[in-house]
Amino acid sequence: IDFVSTAITMKGTLSEKSHPPLSADLKKQSIQEVRRSLPIFPFREDLLRAITQHQILVIEGETGSGKTTQIPQYLMEDVSLKLLLIRSGLPRRVAAMSVAARVAEETGVKLGNEVGYSIRFEDCTSERTVLKYMTDGMLLREFLTEPDLASYSVVIIDEAHERTLHTDILFGLIKDIARFRSDLKVLVASATLDTERFSCFFDDAPVFRIPGRRFPVDIFYTKAPEADYLEACVVSVLQIHVTQAPGDCLVFLTGQEEIEACCEMLQERCRRLGSKIAELVVLPIYANLPSDMQAKIFSPTPPGARKVVVATNIAETSLTIDGIIYVIDPGFCKQKSYNARTGMESLIVTPCSRASANQRAGRAGRVAAGKCFRLYTAWAFKHEMEETTIPEIQRTNLGNVVLLLKSLGINDLIHFDFMDPPPHETLVLALEQLYALGALNHLGELTKMGRRMAELPVDPMLSKMILASEQYKCSEEVLTIAAMLSVNNSIFYRPKDKVVHADNARMNFTVPGGDHLVLLNVYNQWVESGFSTQWCYENFIQFRSMRRARDVRDQLEGLMERIEVEVVSSLEDSVPIRKAITAGYFYHTARLSKGGYKTVKHQQTVYVHPNSSLFEEQPRWLIYHELVFTTKEFMRQVIEIDSGWLLEVAPHYYKSKELEDSSSKKMPRKQGKTKDELG
Ligand code: ADP
Ligand code: MG
């Protein structure tokens, strides 16, 4: 790759010469020494004093300064503060688990005792737990059981700068309860972004700044745009490995598939180069990675080798890996995008923001002067990237949070205290969708159905599908499908060197009706095998994903009792199961017309994903689980339905006229327009 030779340097506060220990040396230090070496440590007393003096405090500090791991420990160690429980809300599952594990280690307790974590479908806490790391989504759900968070004395909204949907809603709720719970301490921790806004939102709460400690980072751009950034990443890593001084490397990609592909490519090329190059330790990190694999990224690099961590933007601010000197940034991230007119939500790979790019570059300068290689031109950085990332609340479906807020008795959503209010249409559409699902009545009040739906920690459509299974007497099957959908896209294993075998194995699971039923079939066969690992191996099924599906299923089944749904099995064909799915996902209906699929309500062109069992069959009516935009708008996980069912499950939403055979009608819309419309 041809990088522009004159580098632009991101200023650091430390000079290149003062050489700090690299990661291998760090490991030799005791845990307490490491703790004392963190930038936050000299401010321990000041920080504790500020927390004592103020009810709400915004804490700003560069990523890796110790906010997430140290502040709760300082609070626990301080006897003058009488603590009940501290909870720390983080935007990501992986971060919650990994940080809790780290803090348990630092405090010398077993994970799940004094220090624990709680993420969706996984609770690792006990009665002894005083420090609980949880995702922001879980913290939000906590309001359902304890609206004033009475058993907690400190709440930390961590990674506030990420501005996830849940974090944004938490801001409003916590600001509200802080008014009448004067004993509650609220800490808002953020990287060095946007802190003035947080302070302003919390009625001018003071900002405690932890001075950054950073080495300069040289930034390189490519001369010309890169057509294939995955390939460019692989080449850049190898270039660095061969030409640059020791130091580990961090690569930012957008998701699991890309990361796995990149790791495979790197390993393959290293194998070919053999002993001509030094050892390269290639490690992936992304949200669905099993926790034992996650832990590996923190283990020290063997002497003489170089570590390369291939990550999603989880490594941007949530996780800090010591020893990184080189960063490779292709400049993309995967983002949710939502069209409030059509209600279509889609995951799209888009250029990241300049703020993101700068955070990424900053990761190279934590332990020594570093280098960041941007796989795009300086021109693109300036002209094609947004300044900051748009808060999630402005680009997502709000069904879930609207349902939650309604169940908390917050009826006037238009006047809810949002830091950045969502677009009006999005809010209205969420209300309409909940109405169509039967969760709200025509006055916008929560129905009994809505109340039960809110009890399940899943999206409204999935909740509705589960609840509808009661009526169709197939809750056993639908629970399994719901669990399998939640570990989405990581069930089938397809190693590069055994593609044919893997695809054959997958074909063997095919049953009529569609992908949901294939997932059900896989699960049931696994149950019959006695949850066997060997069975998974032989059938190219990922054992870990199955184990997770089983956990999710168990938890959902546990909740069924609470919302009084009897768990029974459908003894007939798959019709009741597909009807229950339709009852939840009737919004996601597509119809075949003139050789292609269009969504029913908005006539958007969509395509069956090539991995689908219905790819060749092309049934007239389909329901899809989700849309993914790669080269086209793909429907992932589809089932065949009968259009008559739509009138049965959603009579207030579909009119029979809309569902008439349309082959004679004109379809005026041009193809290939979806991208713009979703943009
Ligand atoms: P901040 O929240 O300010 O970004 P953190 O508290 O996450 O900072 O990180 C402080 C230090 O703890 C970093 O040096 C990081 O490498 C280390 N650390 C965090 N999690 C782990 C882990 N799971 N294993 C090893 N080190 C970790
Ligand atoms: Mg942090």
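Quick caveat: nothing in here was measured; it's all calculated off a predicted structure.

Caption draft 1: Focus on the overall build of the protein. When helices and strands are counted, the protein shows 26 helices and 22 strands. A globule of 679 residues ought to have a C-alpha radius of gyration of about 26 Å, and the protein, at 26 Å, matches this closely. Along the three orthogonal principal directions, the C-alpha set of the protein runs to about 75 × 65 × 50 Å. Taken over 679 residues, the protein has a buried fraction of 46%. For the protein, the proportion of contacts with a sequence separation of at least 24, taken over those separated by at least 6, is 74%.

Caption draft 2: Looking closely at the site of ligand 1. Inspection of the region around ligand 1 gives 17 residues, with Lys67, Thr68, Thr69, Arg102 and Phe298 positioned closest. When residues of the shell around ligand 1 are traced back to their parent elements, those giving at least two are α4 (67-77) and α5 (93-107). Residues of the shell around ligand 1, tallied by class, amount to four nonpolar, ten polar and three charged.

Caption draft 3: Expanded view of unusual backbone geometry. In this structure, glutamate 564 is a non-glycine residue whose phi angle is positive, near 55 degrees. In this structure, glutamate 564 sits in the loop between α23 (543-562) and α24 (575-585). Non-glycine residue lysine 594 carries a positive phi angle of around 50 degrees. Mapped onto the fold, lysine 594 is located in the loop between β18 (589-593) and β19 (596-599). Residue lysine 594 is classed as exposed on the basis of its 9 C-beta neighbours within 10 Å.

Caption draft 4: Molecular detail of the packing of helix α18 (residues 460-471) against α24. At a closest axis distance of 7 Å, the pairing of α18 and α24 adopts a crossing angle of 145 degrees. α24 is crossed by α18, and the crossing has right-handed handedness. Contacts between α18 and α24 involve Met461, Leu462, Lys464, Met465, Ala468 and Ser469 on the former and, on the latter, Ala580, Ile581, Ala583, Gly584 and Tyr585. Taken together, the residues of the contact of α18 with α24 break down into eight nonpolar, two polar and one charged.

Caption draft 5: Representation of the pairing of strand β7 (residues 154-157). By the alternation rule, side chains of β7 split into Val154 and Ile156 and Val155 and Ile157, which are all buried. Pairing of β7 with strand β8 (residues 185-190), which is carried by four bridges, proceeds in the parallel orientation. Pairing of isoleucine 156 across the sheet is with leucine 187, part of β8. As a crossover connection, the stretch from β7 through helix α7 (residues 165-180) into β8 is right-handed.

What counts, and at which threshold
Residues numbered from 1 in each chain as written. Chains lettered and ligands numbered in written order. Predicted model: local features only at pLDDT ≥ 70, side-chain atom pairs only at ≥ 80, totals over all residues. Helix = DSSP H or I, 4+ residues; strand = E, 2+ residues; numbered from the N terminus. Rg over C-alpha atoms; globule rule 2.2 N^0.38 Å. Buried ≥ 20, exposed ≤ 12 C-beta atoms within 10 Å, placed from the backbone. Contact = placed C-beta atoms within 7 Å. Near = placed C-beta within 6 Å. Nonpolar A, V, L, I, M, F, W, Y, C, P; charged D, E, K, R; others polar. Axes fitted to C-alpha atoms, helices over the stretch in contact; angles between N-to-C directions. Left-handed = near helix turned anticlockwise from the far one by under 90°. Pairing = 2+ DSSP bridges. Right-handed = clockwise from strand over helix to strand, strands pointing away.

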